[in-house]
Amino acid sequence: MITSAAVAIAEARIGRLGESVYSGRARTILERSYLAFRSSAWIVVLTGFLEPVLYLFSFGYGVGKLIGKMEVGPGHFVSYAAFIAPALLATSAMNGAIYDATWNVFFKMKFDRVYQGMLATSLGPLDVALGEISWALLRGMVYAIAFMSIVGGLGLITTPWALLAIPVAVLIAFGFASVGMAVTTYMKSFEQMNIINIVLLPMFLFSGSFYPLTIYPGWLQGFIKALPLWHGITLMRSVSLGLISAALLPHIVYFLAMIAIGLFFTTRRLTKLFMR
Amino acid sequence: MHKESLIQAKGLTKLYGDFAAVKGIDFSVHKGESFGFLGPNGAGKSTTMRIIAATLTRTSGEISILGKDPAERGPEIRAHLGVVPQQDNLDQALTVTDNLYIYGRYFGLSRKFIRAKIEELLDFAQLVEKRDVKVETLSGGMKRRLTIARALISEPEILMLDEPTTGLDPQARHILWDRLFRLKEQGVTLLITTHYMDEAEQLCDRLMVMDKGSIMAEDSPSGLIKKYSTKEVLEVRFGSDKNAEVSPQLSTLCERMEVLPDRILMYADDAELLLEEIRKKGLHPVTSLVRRSSLEDVFLRLTGRSLVE
Amino acid sequence: MRQGSLAVVDTERAIKLGTLFVVEARLRTMLHWIFSLLTGSLLNPFFYLASLGIGVGTFINSRAGSGGVDGVKYIVFLAPALLASVAIQDFMGEVTFPVLQGFKWEKLFFAMNATPLSGRQIALGTYFSAMLRTVGSVLIYFAVLVGFKAVHPAQAWPMMLTSLFAAACFAAIMLAAAAATENDDLFLNLMGRLLIMPLFLFSGTFYPLTSMPIPLQAIGWISPLWHATEIGRWVSYGHSIPGTMIAIHFIYLTVLLVVGLLWAFNRFEYRLSK
């Protein structure tokens with residue numbers, strides 16, 4: 001019997017680890033996102049990173065005038081804009097990743113049935129998960145670079161360490177995208193999807209974006225420090241202000257754990273949803 | 001001549017909790033034939049199709065597709081198949097060409113191979129002029145043809161079509177049937193589910209009639225009609241309330257009779273003659289229709305229910 | 001027994017009360033979401049007041065000798081802006097999504113139009129049902145403001161009316177804009193990024209508009225939120241503004257209302273008869 005090219009390609013992977021969930025072609029999902037992106041409205045892409053920039057202008061200057069300088073270490077004061085900029089970048093990395101990995105994924109799952117089509121080919125669910133998340137990260141990275149260029153243009157960058165803000169933004173986005181996508185695969189209705197928004201808003205408002213946690217009572221501080229965005233903001237603020245130390249490691253580990261757990265559950269759920 | 005068997009199932013069963021969607025069915029599909037699953041909604045056709053497509057795991061029983069077990073060799077088996085689902089799942093964000101292209105990429109095919117293949121498929125699906133159009137603007141028939149073209153990008157041995165013409169207008173259906181005939185001529189094995197008689201009669205060499213997860217009968221369309229029905233059928237209507245009332249008087253006149261809420265079906269080899277006899281009895285139906293037996297009649301005979309409810 | 005539409009349908013009544021039927025239909029739909037709506041309306045003010053009013057307020061109020069902002073505590077300064085902002089956002093949401101849904105996603109308006117309902121009635125029905133929902137949000141929000149001691153209820157209650165009024169004026173424009181929209185994705189994206197967000201952030205919401213450079217102040221001048229906030233601050237704690245400015249705020253908002261509704265009627269009728 002003559003075997004087609006597609007069969008030969010699939011058979012070449014026999015015996016590989018995880019062959020039933022991963023075909024090693026996550027990049028084709030990335031390619032698909034690029035094709036879809038090419039035809040999307042440029043203004044939507046261009047305005048995508050506006051939110052943190054607007055917050056920076058509004059809060060950094062307006063509220064900054066009322067609030068004055070912030071103390072980030074013993075005797076180390078920075079302008080209010082420089083204080084909130086890293087938090088805004090961390091939050092925007094989270095929001096972008098969540099948007100791509102939740103609403104977008106939800107639509108594709110429920111309405112467009114895009115994944116159904118993908119999984120009818122020799123792709124596996126892990127290809128789809130990795131591909132979708134990679135795209136979210138790529139976009140997040142571009143937006144982070146754009147944001148940091150503006151922050152730099154405003155003279156708010158004072159240390160070369162601030163360049164690390166870009167990989168940190170990607171790390172934060174990866175964590176949220178993995179967990180967000182995993183959560184989305186359990187969601188059934190728009191009503192449930194709305195819960196995601198209800199959870200995100202307080203996380204943004206209370207995770208130390210606008211002022212240090214020290215004004216909160218101890219129990220609340222403890223709670224917030226268990227939430228991912230606080231880790232993201234703290235990590236981002238430290239690298240942006242050049243406060244590098246081993247104390248940053250737990251934050252990094254926190255996000256690595258989110259990534260691993262998120263990917264594990266996403267793959268499991270996609271397998272269950274589309275293969276059972 | 002011994003026929004090469006591509007798909008073989010024995011005792012194939014799928015349970016959802018207590019509900020048995022497929023109840024231990026046996027069948028085999030030969031290379032190059034066009035094999036149909038006929039039955040109403042909920043008969044277990046789509047479930048069976050999805051098990052074959054390696055996107056659904058069976059509960060028990062045996063199935064092999066090209067000698068492989070779909071539960072274990074999913075990606076490999078899917079590489080052999082072209083799948084056309086009941087509802088189109090084209091990528092709405094992409095153009096016609098990009099849909100074909102990216103689907104080929106999902107199989108890992110080279111760009112060069114796909115580029116060449118796209119031209120052939122656009123031509124086959126009569127979509128050359130629509131090549132750079134976004135799929136959301138296509139008509140229902142065009143979308144269906146594109147979905148079929150997309151399924152062919154990897155040159156599959158088996159093309160699976162789930163209710164290929166549901167929701168299409170008559171003209172679009174005929175175009176689609178014509179395309180499927182051509183594939184068959186090229187030696188592609190077709191697996192079709194349908195609840196349309198005419199479609200099953202037009203497209204399938206062999207049919208498996210399914211109801212409530214079981215196989216009711218299996219033969220060629222004409223074989224089924226010969227076996228389970230008469231040559232002709234007379235349909236008479238006496239008005240909504242009167243059908244049941246007159247039916248006892250009619251039952252002696254024909255071989256077999258089905259009283260439906262809106263009409264009475266009478267089975268005979270010469271239906272014109274039968275109508276004469278009814279009139280002789282002084283009964284005058286509001287409308288009457290003489291037609292050839294179809295698979296609908298076969299289904300009614302086998303299950304006591306009509307196919308489209 | 002079948003009586004026929006001439007006997008069953010009271011044509012005159014159907015034509016006269018059409019708007020009410022649309023309101024009823026919309027409210028029934030909203031009922032499905034009531035849990036989300038309520039939690040949103042309740043949690044949103046709570047979060048903003050706790051985080052910004054109290055949190056940021058702590059830093060602002062404690063700054064060397066300042067008595068807060070505009071002579072009052074920061075949370076008092078913030079309250080009228082947040083109330084107006086939630087009124088505007090909720091009203092706007094209820095006139096945009098249902099309209100996109102009605103014309104584009106589910107084409108419900110065309111089904112309504114196949115009954116005796118006119119385009120104008122569908123527009124008004126959508127608008128009034130949105131208003132009812134906004135009344136609910138404003139009441140809840142005000143109660144939370146009172147709970148946070150951000151407003152003095154006896155003195156500040158008219159602020160609910162002025163916020164609702166401002167929201168109603170702006171929503172008229174958005175009703176028309178949504179009805180004029182063909183590209184829904186683009187509309188929603190740009191509405192969020194170029195309208196809701198800048199208005200929220202640059203309307204003197206979090207600090208006096210005058211502390212911004214002039215080009216950025218211009219966003220505030222055209223923003224209904226700024227006009228609503230100025231009126232609200234005047235009502236709530238006697239923020240001093242000249243009488244002519246108060247008149248200008250009201251006139252500007254009224255113009256939005258009239259232009260918006262006329263444009264909306266026109267768009268609804270056009271879209272339904274196209």
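Position labels on residues start from 1 in each chain and follow its written sequence. Naming scheme: in the order in which they are written, chains are lettered from A and ligands are numbered from 1. Predicted model: local features are reported for residues with pLDDT of at least 70 only, side-chain atom pairs are reported and counted for 80 or more only, and whole-chain, interface and lining totals are derived from all residues.

K.L.:
Sorry, what's going on with the overall build of chain C here?
P.N.:
On a plain count of helices and strands, chain C comes out with 13 helices and 0 strands. Helix and strand definitions follow DSSP, with helices as H or I runs of at least four residues and strands as E runs of at least two, each counted in order from the N terminus. Counting from the amino terminus, chain C carries its helices and strands in the arrangement α-α-α-α-α-α-α-α-α-α-α-α-α. Just to be clear, the radius of gyration here is over C-alpha atoms, and the globule rule we use is 2.2 Å times residues to the power 0.38. Expected size for 274 residues packed as a compact globule is a radius of gyration near 19 Å; at 21 Å, chain C falls within 12% of this value. Expressed as lengths along the three principal axes of its C-alpha atoms, the size of chain C is roughly 80 × 40 × 35 Å. Counting other C-beta atoms within 10 Å of a residue's own tells you its class, since 20 or more makes it buried, 12 or fewer makes it exposed, and anything in between is partly exposed; those C-beta atoms are placed from the backbone. When burial is assessed residue by residue, chain C has 46% of its 274 residues classed as buried. For chain C, the proportion of contacts with a sequence separation of at least 24, taken over those separated by at least 6, is 80%. Note that contacts rest on C-beta atoms placed from the backbone: two residues are in contact if these are within 7 Å.

K.L.:
Help me understand the overall build of chain A, please; the structure alone is not making it clear to me.
P.N.:
Helix and strand counts for chain A stand at 12 helices and 2 strands. Counting helices and strands in the order they occur from the N terminus, chain A gives α-α-α-α-β-β-α-α-α-α-α-α-α-α. A globule of 276 residues ought to have a C-alpha radius of gyration of about 19 Å, and chain A, at 21 Å, matches this closely. Split into buried and exposed, the 276 residues of chain A put 47% on the buried side. Within chain A, residue pairs in contact and separated by at least 24 positions form 81% of the contacts whose partners lie at least 6 positions apart.

K.L.:
Just checking my understanding: could you explain the interface of chain A and chain C for this structure?
P.N.:
Interface size is often expressed as the accessible area that is lost when the parts come together. Facing 26 residues of chain A, the contacting portion of chain C comprises 28 residues. The set of elements that each furnish at least two residues to the side of chain A that touches chain C consists of helix H3 (42-46), helix H4 (50-67) and helix H9 (190-206) of chain A. For the side of chain A that touches chain C, the element with the most residues is H4(A), which contributes 11 residues. The residue classification treats Ala, Val, Leu, Ile, Met, Phe, Trp, Tyr, Cys and Pro as nonpolar and Asp, Glu, Lys and Arg as charged. All others, Gly included, are polar. Here the side of chain A that touches chain C is composed, by residue class, of 18 nonpolar, 5 polar and 3 charged.

K.L.:
Teacher, can you tell me more about the environment of B:Lys143 here?
P.N.:
All names here are of chain B. On the secondary structure map, lysine 143 appears in helix H5 (residues 140-151). Among the residues examined, lysine 143 registers 21 C-beta atoms within 10 Å and is labelled buried. Taking the C-alpha atoms as reference points, lysine 143 and aspartate 88, separated by 55 residues in sequence, lie 7.1 Å from one another. Beyond its immediate chain neighbours, meaning those up to four positions away, lysine 143 contacts Asp88, Leu90, Val135 and Leu138.

K.L.:
I would appreciate a short explanation of the nonpolar core in the present structure.
P.N.:
Across soluble globular proteins, nonpolar side chains have a tendency to be buried as a group. Nonpolar core, as used here: buried Ala, Val, Leu, Ile, Met, Phe, Trp, Tyr and Cys residues forming one set through C-beta atoms within 7 Å. In terms of nonpolar packing, the biggest core is built from 232 residues, with B:Met160, C:Leu83, C:Ala171 and C:Leu175 touching the most fellow members. The element that contributes the greatest number of residues to this core is helix H5 (residues 74-105) of chain C, accounting for 18 residues. In terms of nonpolar packing, the next biggest core, distinct from the first, is built from 14 residues, B:Val233, B:Val236, B:Ala268 and B:Leu274 among them.

K.L.:
Before we go on, may I ask you to explain the sheet that holds strand E7 (residues 189-194) of chain B in this structure?
P.N.:
Sheet strands line up and pair through hydrogen bonds in the backbone, either parallel or antiparallel. Residue and element names in this part refer to chain B. Within the open sheet, the 6 strands sit side by side as E5-E6-E7-E3-E8-E9. Their pairing is mixed. Of all strands in the sheet, those bounded by a partner on one side alone are strand E5 (81-84) and strand E9 (214-219). Looking at each pair of strands side by side, their axes are set apart by 15° on average, direction ignored. Alignment of strand E3 (residues 34-38) against E7, held across 5 bridges, turns out to be parallel. What sits directly across from serine 34, in E7, is leucine 190. Here, axes are lines fitted to C-alpha atoms. For helices the fit covers the stretch in contact, and angles between N-to-C directions go from 0 to 180 degrees. Against the sheet, helix H1 (residues 45-52) makes contact with E3, strand E6 (158-162), E7 and strand E8 (206-211), and its axis sits at roughly 150° relative to E7, the strand it touches most. Most of the contacts of H5 go to E5, to which it runs at about 165°, and overall it touches E5 and E6. Criterion used throughout: strands pair if DSSP finds at least two bridges between them.

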